[in-house]
Structure formats: C-alpha cells, structure tokens
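Chains, contacts and geometry: an overview
One letter stands for each residue in the lines below.
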Amino acid sequence: MTLVFIRHGQAVRNATGVIGGWRDYPLTDLGRDQARRAAVRLAATRVDTIYASNLSRASETARIIAAASNIEVVENAALRERSWGDAEGLTRHQIAERFGHGTPRGEGHIPNEELIETFRARLLPFVLELHERHRDQRALVVAHAGTVHAILSELFGLAPANLPRVNFANTGFTVVESFDPPVLGAINDHAHLE
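If you're wondering where the values come from, they're calculated on a predicted model, not measured in any experiment. (Residues numbered from 1 in each chain as written. Predicted model: local features only at pLDDT ≥ 70, side-chain atom pairs only at ≥ 80, totals over all residues. Heavy atoms only, no water.)

1. Quick word on unusual backbone geometry
Backbone geometry at N112 places phi at a positive 70°, although glycine is not the residue there. Along the polypeptide, N112 turns up in the loop between α4 (92-99) and α5 (116-133). (Helix = DSSP H or I, 4+ residues; strand = E, 2+ residues; numbered from the N terminus.)

Written out as structure tokens, the structure reads:
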C-alpha cells in the first residue's frame, strides 16, 4: 500500500494566523489554486481512493483533487486536526496572554484541548483500517499538518517530541510507500507550488 498524505490548501485560518483545530475555516482563493495545482501534478499518478477530513478546508481540497480523476471523496472525522480547545480561533500572541504560552502542545495546559495521546489513539485505527482495506492500492489522504505529523509518529514508532518538526506546506505531499516496515518516500514535497 502507498499512502499519499496531502495537507489542505491555504484556509482562512492560515491567512489570518489563528489556531484552527476543529473550527471549520474555508479555503481561500489561494488555497483553491494550490489544490488545483496538486490535482494537475497528480493527474499522471494512479489513485485508487481518496479520503479526507470532514473539515471543509480538507474536504474541499480533496474534492478539487478528485474532480480531475473522477474518484469519490470519502470523508472521515477521525482525520480532523487535533482539537486545540479554548485556543481555537486565537492567535499565538492571544494564546500566550490567556494561557501563559503561545503553542498548545496537547499536554492539557489549554482548557478543553485534545491530549496528544488521545489524538494519536484516534488516528491509529483509521490508518490500520486503510492498510487492511487498500493493501495493494494507492490512497490519498487529505488532512491537516498535525494529523500527518501524528500519523508519521505512530507509523515510525516515535514519541511526538522525537519526530523532527516539519512545517508542512499547504498541499505538500508526504508519501509512505509501504507499511512492513514503513518507508518514507517523500516528505512535504510541494514542488507543484513553485
């Protein structure tokens, strides 16, 4: 199985600098253009199935990509970004003022935030199900930067703190080429945007 993870296109939350989490921010015009560029790049690639987070920034990106290949998008809430709780909709500066630090880390310091262990436990069954269902296929998964980071941590058996931080570009591709053992074919490839 080959899994191609694609971060959603630029959303209003990216353009305004606020934390998104489970808040449903739509794509910007630039985000739609990024999704179209990703679709053009994928046009020559075999794609068997496309999954997406059910948040509109990911599902719309997936639908734009899917339109070029006439594949139906399967939305799944398990692919949502980690919930940032009371930090959602705030800038890092506002978070620092209210909660004492500017980056929610999933450690329970922000009221109502989803703990990193809970987030990873939500994602792992989905990835294992994908592996079983699409063993000899190529699946696209359109989701969020945090989702991709957490899935890579799980697949490669790394604690979140041990996985290098990656500034995943909007519509950047990260490819896992096999599962036994997992092989990373690409990370944050966004050549289609240059």
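From this point on, the discussion continues.
2. Section: the packing of aromatic side chains
Under the defined criterion, the tally for this structure stands at 1 aromatic pair. Above the ring of F173, the side-chain terminus of R41 is found at 4.9 Å from the ring centroid. Stacked on the ring of W22, the Lys or Arg R80 has its end atom at 5.1 Å from the ring centre. (Phe/Tyr/Trp six-rings, centres within 6.5 Å; stacked < 30°, edge-to-face > 60°. Lys NZ or Arg CZ within 6 Å of the ring centre and 35° of its normal.)

3. Examining a nonpolar patch on the surface
A contiguous nonpolar patch, built from F156, L184 and I187 and spanning about 230 Å² of accessible area, is present on the exposed surface. Within the secondary structure, L184 sits in strand β6 (residues 182-189). (Patch = residues over 30% accessible without salt bridge, like charges linked within 9 Å, V, L, I, M, F, W, Y side chains within 5 Å. Areas by Shrake-Rupley, 256 points an atom, 1.4 Å probe, with all protein chains shown as cover. Salt bridge = Lys/Arg side-chain N within 4 Å of Asp/Glu carboxyl O.)

4. Overview of the side chain of R120
Checked against the element boundaries, R120 lands in helix α5. There is a polar contact of 2.7 Å between the side chain of R120 and the side chain of E154. Within the structure, R120 has its side chain in polar contact with the backbone oxygen of L158 (distance 2.8 Å). (Polar contact = N/O pair within 3.5 Å; in protein donor to acceptor, adjacent residues only side chain to side chain.)

5. Details of the pattern of salt bridges
Summed over the entire model, instances satisfying the criterion amount to 11 salt bridges. Here D29 ties to R32 by a salt bridge, and the two come within 3.2 Å at their closest N and O atoms. Note that D29 and R32 are positioned in helix α2 (residues 29-42) at a spacing of 3 residues, about one turn of the helix. A relative accessible area of 23% places R32 in the partly exposed class. The closest approach of N and O atoms between R41 and D189, which form a salt bridge, is 2.6 Å. On the criterion of sequence distance, the pair formed by R41 in helix α2 and D189 in strand β6 is long-range, its members being 148 residues apart. Taking relative accessible area as the criterion, D189 reaches 23% and is therefore assigned partly exposed. Among the charged side chains, a network of salt bridges with common partners joins D29, R32 and E60. (Buried < 20%, exposed > 50% of the residue type's maximum accessible area, 1.4 Å probe, protein only.)

6. A closer look at the environment of H134
When you line up the elements, H134 lands in the loop between α5 and β4 (138-143). Under the relative-accessibility criterion, H134 is labelled buried at 7%. Along the backbone, H134 and D48 are 86 residues apart, and their C-alpha atoms lie at a distance of 8.5 Å. Among all residues touching H134, those that are not within four sequence positions of it are M1, T49 and Y51. In this structure the side chain of H134 is engaged in a polar contact, spanning 2.7 Å, whose partner is the side chain of Y51. (Contact = heavy atoms within 4.5 Å.)

7. Focus: the pairing of strand β1 (residues 2-7)
Of all the 6 residues making up β1, 6 are buried; the element is thus mostly covered by neighbouring parts of the structure. Residue alternation in β1 divides its side chains into two sets, T2, V4 and I6 and L3, F5 and R7, and both sets are buried. Direction of pairing for β1 relative to β4: parallel, over a ladder of 6 bridges. Note on β4: the bridge partner recorded for F5 is V141. (Pairing = 2+ DSSP bridges.)

8. Quick word on the side chain of R82
Its place among the elements puts R82 in the loop between β3 (73-75) and α4. Separated by 2.8 Å, the side chain of R82 and the backbone oxygen of E114 make a polar contact.

9. Remarks on the sheet that holds β4
Spatial ordering of the open sheet is given by β3-β2-β4-β1-β5-β6, a layout of 6 strands whose pairing is mixed. Looking at the sheet topology across the chains shown, the edges are occupied by β3 and β6. With direction set aside, neighbouring strand axes in the sheet form an average angle of 20°. Against the sheet, α5 contacts β1, β2 (49-52), β4 and β5 (173-179), and its axis sits at roughly 170° relative to β2. (Axes fitted to C-alpha atoms, helices over the stretch in contact; angles between N-to-C directions.)

Bear in mind that shape data such as this cannot, by itself, settle questions of function.
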